[in-house]
Amino acid sequence: MTERPSAREIVALVADDFSEIPYPERQSKPDGPLAWQGYDASRARAAERTGEQESVICGTARVEGTRAVLIAFEFGFLGGSLGERTGDRLEAAYTYARAHRLPVVPLVATGGSRMQEGMLALTQLQRVARQSALTREAGLPQIAVLRDPTTGGGWATLGAGADVILALPGAQVGFAGSRVRPPDADPAAYTAEAQVAAGAADAVVRPEDLRRTLGRWLRLLSRPSDSAAAMTADDHTPEAAPAPRHTAPGSTDSTPPDPTGEAHPTPRTEPAGPAATGSTNTTPRDPTDTAHTTHRTEPAPVPAPLGATDLPATGWDAVRRARSVGRPRAVAYLDAYFTHRAAISGDRCGGTDPGMLCGFGERGGRTIAYAAQTGTATRPAGYRTATRLIRLADRFGIPVLTLVDTPGAANDAEAERQGAGAAIADLFTTVASARTPITTLLIGEGGSGGALALAAPGATYATPDSYFSVIAPELAAAILKRPQEEVEATADQLRIRPQDLVKLGVIAHPDGRTLP
C-alpha cells in the first residue's frame, strides 16, 4: 500500500460518533521497564508527530448504524508496536465490550511487540489473547480489518484470532515482518491477497467499500436470530449483541447435548406445514447461567425446491436427475433464500475449497448461517471451513442451513495428505454436538460419508431431483463384480430415491413437507 491512514483517519473512514473509552493510568520508570536509553525521547517524538499518547486508540462508534468497540492502531507511533501501555488500553477495550455486550473491531496496523520493553512487551500478546478468548466465550463477534502492515504478534492475536478477517488491498500481512524474513523469501506470500488465498483471511476489501462491508458483517453477527425477536428488532439499530443462547465453547459447561434432542429441533418448512414430531430435552438449566436465555433459536426454514417437482421413477432416474447440468445448484438456492449474504473463506489451516460455500445471510430480518456444497468432490479444506462456520454460528446462537450436493469427498492422494479423514470426522462431531439448530436440504448428489457429514440428524430434507447413497451405483456394481448393464438395477437395489429415503427414515418428505 502507498498510503497509511492514521488511526483516527481509519476510524473516520468506517464509523461515526467515535468516543474514546477511559484508559488506565500507568506510572513508568524512566526509559521504561528496561531503562532503554532514549526510549522516553522516542515516545515523546512519536506523540508529537502523531498527536497520540500510545500506539492504539480505543472507543465506541457506530458502523452503518451498529454500535461497536473499535481498536485502531497508530502505525506512526513506534510502528504501532505493543507495549505495556498498549496492553492496558486493549484490555480496557475488551472489558468494556463485554460489559456492554458490543462487538469488537480491531483495525490493525502494527509491526509487533515493542523491543524497548523486551519480554514485558512480548507477554502483552498473552494478555490480548486472554481478553479475546473471554470475549469469544461471551458470544460477542470480533471482526478484524488488516491494514498495512499487520505483522508479528499483532497478526497472531488481534488479526488471525478474529472471527471474520477483512484486509485492505496490498496490505503486508504475515507473522514475519519485512526485516526478519529470509533474504530469498517471496514478498508476494506476505500480502493480504496471499493470506486470503491460503485460507487465513476471509476477503480483501477496497477502502471505499470497507464501511459498508464492515457494517453488513456487524449487523449479521449482532442481530437476534430467533424470528420473534427479529420481527421486533428488524427496523431498529442494534445497540448490543444478544446474549448467547447456549454455553460457548471453552466455558465450564462443556457437555455436548443429546444430538437426538434439542440440538436440532424440527425446522419450519417452506411452504409452512404442520410441525413434525420431535424429542424434547427436558434437562433443567442452571438459572444463574447467564449464557442461556429463555429464547430458543428457531431453526432455519427449509428452502423450497427449485427444480423438478415430480419424484423419480427409478433409482437410476434419481441419479440422472441429480447429475444433470441443468439442475439448480447451491448458488441458485442461496440467491433465492437470502436477501443478502456475506461469505467467509478458508479453513485457517492453509486451505480453501471453492466447492464449499460458507457464510451468513439475512432472511426475514434474522441471520442464518449457511454451508453449501456446489456439486464437486469436497476437499478437506471445505470440510474444515464448514466446521469453522458451524462453530461460529453455534457460539452466536445463529441457526444453520446446510445444502448437500457432492459425489463424495475428494479421494486423491493430496486430499489424504491434507487430512481428509480428520476433517470429515471433525465436521461429523461438530454437527452432532451443535446446540444451535441445523437444517439440511439435499439438493443433488448425496455421495456417501462425504455428503452425510454435512447433514443434520433428524432434520434432513430432500428435493425431488436428488439422491443419497452409501456408495455410487457404478462403484457398488464394480465391487460386486457386476457387469455394466446391471448398474441401473443396482441403483434400484440401493434404494436411493428421495421417496425410498423417506420410507427408510433417513430424510423427511422429499419436497420439503413434513410427513403426514
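One can find the structure itself at the top, above this paragraph.
To start, this report covers the structure provided alongside it. (Residues numbered from 1 in each chain as written. Predicted model: local features only at pLDDT ≥ 70, side-chain atom pairs only at ≥ 80, totals over all residues. Heavy atoms only, no water.)

**A short note on the packing of aromatic side chains**
- Per the counting criterion, the structure on display carries 3 aromatic pairs.
- Judged by centre distance (6.1 Å) and plane angle (75 degrees), the ring pair of W217 and F360 falls under edge-to-face. You can see W217 sitting in helix α8 (residues 207–222) and its partner F360 sitting in strand β10 (residues 356–363), a full 143 residues away along the chain.
- Under the relative-accessibility criterion, W217 is labelled buried at 3%.
- On the numbers, 4.9 Å between centres and 85 degrees between planes, the contact of Y337 with F338 is edge-to-face. (Phe/Tyr/Trp six-rings, centres within 6.5 Å; stacked < 30°, edge-to-face > 60°. Helix = DSSP H or I, 4+ residues; strand = E, 2+ residues; numbered from the N terminus. Buried < 20%, exposed > 50% of the residue type's maximum accessible area, 1.4 Å probe, protein only.)

**Considerations on the nonpolar core**
- Ranked by size, the top nonpolar core spans 59 residues in total, and within it L70, L107, L214, W217, F360 and L389 carry the most contacts.
- Looking at this core element by element, the count peaks at 7 residues for helix α12 (residues 380–396).
- Those residues in contact with L389, other than ones at most four positions away along the chain, are I344, C358, G359, F360, A369, Y370, A371 and V400.
- Judged by nonpolar contacts, the second largest core, of 19 residues, contains V56, L90, A92 and V104. (Core = buried A, V, L, I, M, F, W, Y, C linked by side-chain atoms within 4.5 Å. Contact = heavy atoms within 4.5 Å.)

**A few points about the packing of helix α1 (residues 7–14) against α8**
- Running from amino to carboxyl end, α1 crosses α8 at an angle of 60 degrees, the nearest separation of the two axes being 8 Å. The orientation of α1 relative to α8 falls into the category oblique. Note on element contacts: α8 touches α1 through P207, L210, R211 and L214, opposite I10, A12, L13 and V14.
- Residues that form the contact of α1 with α8 fall into these classes: 7 nonpolar, no polar and 1 charged. (Axes fitted to C-alpha atoms, helices over the stretch in contact; angles between N-to-C directions. Parallel < 35°, antiparallel > 145°, perpendicular 65-115°, else oblique. Nonpolar A, V, L, I, M, F, W, Y, C, P; charged D, E, K, R; others polar.)

**Section: a nonpolar patch on the surface**
- Taken together, the side chains of L34, W36 and M115 present a nonpolar region at the surface, about 320 Å² in accessible area.
- Assignment of secondary structure puts W36 in the loop between β1 (16–20) and α2 (39–50).
- For W36, a relative accessible area of 37% gives the class partly exposed. (Patch = residues over 30% accessible without salt bridge, like charges linked within 9 Å, V, L, I, M, F, W, Y side chains within 5 Å. Areas by Shrake-Rupley, 256 points an atom, 1.4 Å probe, with all protein chains shown as cover. Salt bridge = Lys/Arg side-chain N within 4 Å of Asp/Glu carboxyl O.)

**Notes on the environment of F396**
- Along the chain, F396 falls in helix α12.
- The class for F396 is buried, based on a relative accessible area of 5%.
- For the pair F396 and A241, spaced 155 residues apart in sequence, the C-alpha to C-alpha distance is 9.1 Å.

**Examining the pattern of salt bridges**
- Applying the stated criterion across every chain yields a total of 29 salt bridges.
- Put simply, R211 and D16 hold a salt bridge, and the shortest N to O gap is 2.9 Å. One end of the pair, R211, is in helix α8; the other, D16, is in strand β1, and 195 residues separate them in sequence.
- When salt bridges that share partners are traced, they join R26, E84, D88, E91 and R127 into one network.

**Topic: the packing of helix α3 (residues 84–100) against helix α5 (residues 124–137)**
- Between α3 and α5, the least distance of the axes is 10 Å, while the angle of their chain directions is 5 degrees. Here α5 runs roughly parallel to α3, going by the angle between their axes. Where α3 approaches α5, its residues E84, G87, D88, L90, E91, Y94, T95 and R98 are matched on the opposing element by Q124, R127, V128, Q131, S132, L134 and T135.
- Classifying every residue of the contact of α3 with α5 by side-chain character gives 4 nonpolar, 6 polar and 5 charged.

**Let's talk about the pairing of strand β3 (residues 66–73)**
- Counting buried positions along β3 gives 7 out of 8 residues, so the element sits mostly inside the fold.
- Bridge count for strand β2 (residues 56–63) against β3 is 8 bridges, and the pairing is antiparallel. In the sheet register, V63 faces β3, and the bridge partner there is T66.
- Judged from the 4 bridges that link them, β3 and strand β4 (residues 104–110) form a sheet pairing that is parallel. For V69, the partnering residue across the bridge sits in β4 and is V104.
- For the handedness criterion, the β-α-β arrangement of β3, α3 and β4 is classed as right-handed. (Pairing = 2+ DSSP bridges. Right-handed = clockwise from strand over helix to strand, strands pointing away.)

**A few points about α3**
- Compared with the 24 Å implied by 1.5 Å per residue over 17 residues, the 25 Å span of α3 between its first and last C-alpha is a close match.
- Listing the buried residues of α3 in full gives E84, T86, G87, D88, R89, L90, A92, A93, Y94 and A97.
- In this structure, the buried side of α3 is in contact with β2, β3, β4, α4 (118–122), α5 and α6 (152–159).
- One or two residues past the end of α3 sits R101, with phi positive at roughly 50 degrees. (Expected span 1.5 Å × (residues − 1).)

**Notes on the environment of I344**
- Looking at where I344 falls in the secondary structure, it is placed in strand β9 (residues 340–344).
- A relative accessible area of 5% means that I344 is categorised as buried.
- When the C-alpha positions of I344 and G199 are compared, they lie 9.5 Å apart, and in sequence the two are 145 residues distant.

**Description of α8**
- Here α8 contains 16 residues, and its C-alpha end-to-end distance of 23 Å stays within 8% of the 22 Å for a straight helix at 1.5 Å per residue.
- Along α8, the residues classified as buried are D209, L210, R211, T213, L214, G215, W217, L218, L220, L221 and S222.

**Points about unusual backbone geometry**
- Following D148, the chain continues to P149 via a peptide bond in cis, the omega torsion being -10 degrees.
- If you check the backbone angles, D17 has positive phi at about 60 degrees while not being a glycine.
- Looking at the element boundaries, D17 is found in strand β1.
- Residue S448 is not a glycine yet carries a positive backbone phi of 60 degrees.
- Here S448 is to be found in helix α15 (residues 448–452).

**Some details on the side chain of T157**
- Of note, T157 is situated in helix α6.
- Look past the residues within four positions of T157 in its chain and what remains in contact with it is L125, V128 and A162.

**Digging into the pairing of strand β6 (residues 164–167)**
- Of the two faces of β6, the one carrying V164 and L166 and the one carrying I165 and A167 are both buried.
- In the sheet, strand β5 (residues 143–151) pairs with β6 via 4 bridges, with the strands oriented parallel. Along β6, the bridge assignment pairs A144 with I165.
- Each parallel crossover has a hand, and for β5 linked through α6 to β6 it is right-handed.
- Sheet analysis places β6 next to strand β8 (residues 203–204), joined by 2 bridges and oriented parallel. Bridge pairing links A167 to V204 in β8.

Read these as spatial facts, not as claims about activity.
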